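This is what each chain is made of:
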Amino acid sequence: MPRGTTKRRPITVAALLDAAFELFAEQGYGATSIADIAARAGLTKGAFYSNFDSKDALFLALFDQQWRERATRLRQTLLRALEDGTPLHSADPEADRRWLLISTEFSLHAIRNPEVARLLVEHEKRGRAALAELIEQALRSIDREPAISLGELTRMVVAVAEGAQIQALTEQAAHGTTEPRADSAMIVTLLDHLTAPTR
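Report on the accompanying structure. (Residues numbered from 1 in each chain as written. Predicted model: local features only at pLDDT ≥ 70, side-chain atom pairs only at ≥ 80, totals over all residues. Heavy atoms only, no water.)

**A look at the packing of aromatic side chains**
Centre-to-centre distance and the angle between the planes together describe a pair of aromatic rings.
Then, number 1: Applying the stated criterion across every chain, the model contains eleven aromatic pairs.
Then, number 2: Note on Tyr29 and Phe59: the rings are 6.1 Å apart at their centroids and 80° apart in plane angle, and the pair reads as edge-to-face. With Tyr29 in the loop between α1 (3-27) and α2 (34-41) and Phe59 in helix α4 (residues 55-84), this pair connects stretches of sequence that are 30 residues apart. In terms of burial, Tyr29 and Phe59 fall into one category: buried.
Then, number 3: Aromatic ring contacts, followed pair by pair, group Phe21, Phe24, Tyr29, Phe59, Phe63, Trp67, Trp99 and Phe106 into a single cluster.
Then, number 4: A cation sits over an aromatic face here: Lys55 above Tyr29, 4.3 Å from the ring centre. (Phe/Tyr/Trp six-rings, centres within 6.5 Å; stacked < 30°, edge-to-face > 60°. Helix = DSSP H or I, 4+ residues; strand = E, 2+ residues; numbered from the N terminus. Buried < 20%, exposed > 50% of the residue type's maximum accessible area, 1.4 Å probe, protein only. Lys NZ or Arg CZ within 6 Å of the ring centre and 35° of its normal.)

Given below as structure tokens:
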């Protein structure tokens, strides 16, 4: 591969991921074509296929990117929440709202397509493993440990966080209001009840 192509590749991938995030949030995963993504990124379909085999493959790369970014932010807020009750808060609620719309639609797509589901599960496992490390580090720093397996605790944290966000956004859409930081209070309560002082 020519050196110029190698140097441009990260820029091309970033442009495709950014374009996909915008379009999936605006019009939905199913309604967005590869041609749409390439056009929004200012690239050709050939540039898309030089980097991704399919739209599903692009989503999974976007999934990994979003997990990394969220893990970085969570690292900064989780410890404070456990130490002194400082609410977990989002640095960009609108970006989180859009990601929830995107990821929920893709999950439904995966449920209907077993091969896609198998790939998504593998990516989710890696994401939860990274989150489990953060939770374990935060608990250790305040001399607590999980009362159940760390894997089970992490799955519960993810389920509560995602479920609370879906409920809050649905209520916001219906009434124009929502309970602020409801998910953070639930997560802290969950961790408080399902952890114990280190023996």
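**Observations concerning unusual backbone geometry**
Then, number 1: One non-glycine residue, Asp143, lies in positive phi territory at about 60°.
Then, number 2: With respect to the helices, strands and loops of the structure, Asp143 is situated in the loop between α6 (114-141) and β1 (144-146).
Then, number 3: Owing to a relative accessible area of 53%, Asp143 belongs among the exposed residues under this scheme.

**Notes on the pattern of salt bridges**
Opposite charge on two side chains lets them pair, provided their charged atoms get close.
Then, number 1: Scanning all chains against the criterion turns up eight salt bridges.
Then, number 2: A salt bridge links Arg97 to Glu94; the nearest nitrogen and oxygen atoms lie 2.9 Å apart. A residue pair is termed a helical-turn pair when its members lie 3 or 4 positions apart in one helix, as Arg97 and Glu94 do in helix α5 (residues 93-111) at three residues.
Then, number 3: Among the residues examined, Arg97 registers a relative accessible area of 30% and is labelled partly exposed.
Then, number 4: In this structure Glu94 comes out as partly exposed when scored by relative accessible area, which is 37%.
Then, number 5: Ionic pairing is found between Glu115 and Arg118, a salt bridge with its closest N-O pair at 2.8 Å. In this pair, Glu115 and Arg118 both sit in helix α6, three residues apart, roughly one turn of the helix.
Then, number 6: By sharing partners, the salt bridges in this structure join Glu22, Glu26 and Arg40 into a single network. (Salt bridge = Lys/Arg side-chain N within 4 Å of Asp/Glu carboxyl O.)

**Quick notes on the packing of α5 against helix α7 (residues 150-175)**
Describing two packed helices takes the angle between their axes plus the distance from one axis to the other.
Then, number 1: Where α5 meets α7, the axes come as close as 11 Å, and the angle between the chain directions of the two elements is 110°. The pairing of α5 with α7 is recorded here as roughly perpendicular in orientation. Packed against α5, whose contacting residues are Asp96, Arg97, Leu100 and Thr104, the element α7 presents Gln165, Ile166 and Leu169 at the interface.
Then, number 2: Split by residue class, the contact of α5 with α7 holds three nonpolar, two polar and two charged. (Axes fitted to C-alpha atoms, helices over the stretch in contact; angles between N-to-C directions. Parallel < 35°, antiparallel > 145°, perpendicular 65-115°, else oblique. Contact = heavy atoms within 4.5 Å. Nonpolar A, V, L, I, M, F, W, Y, C, P; charged D, E, K, R; others polar.)

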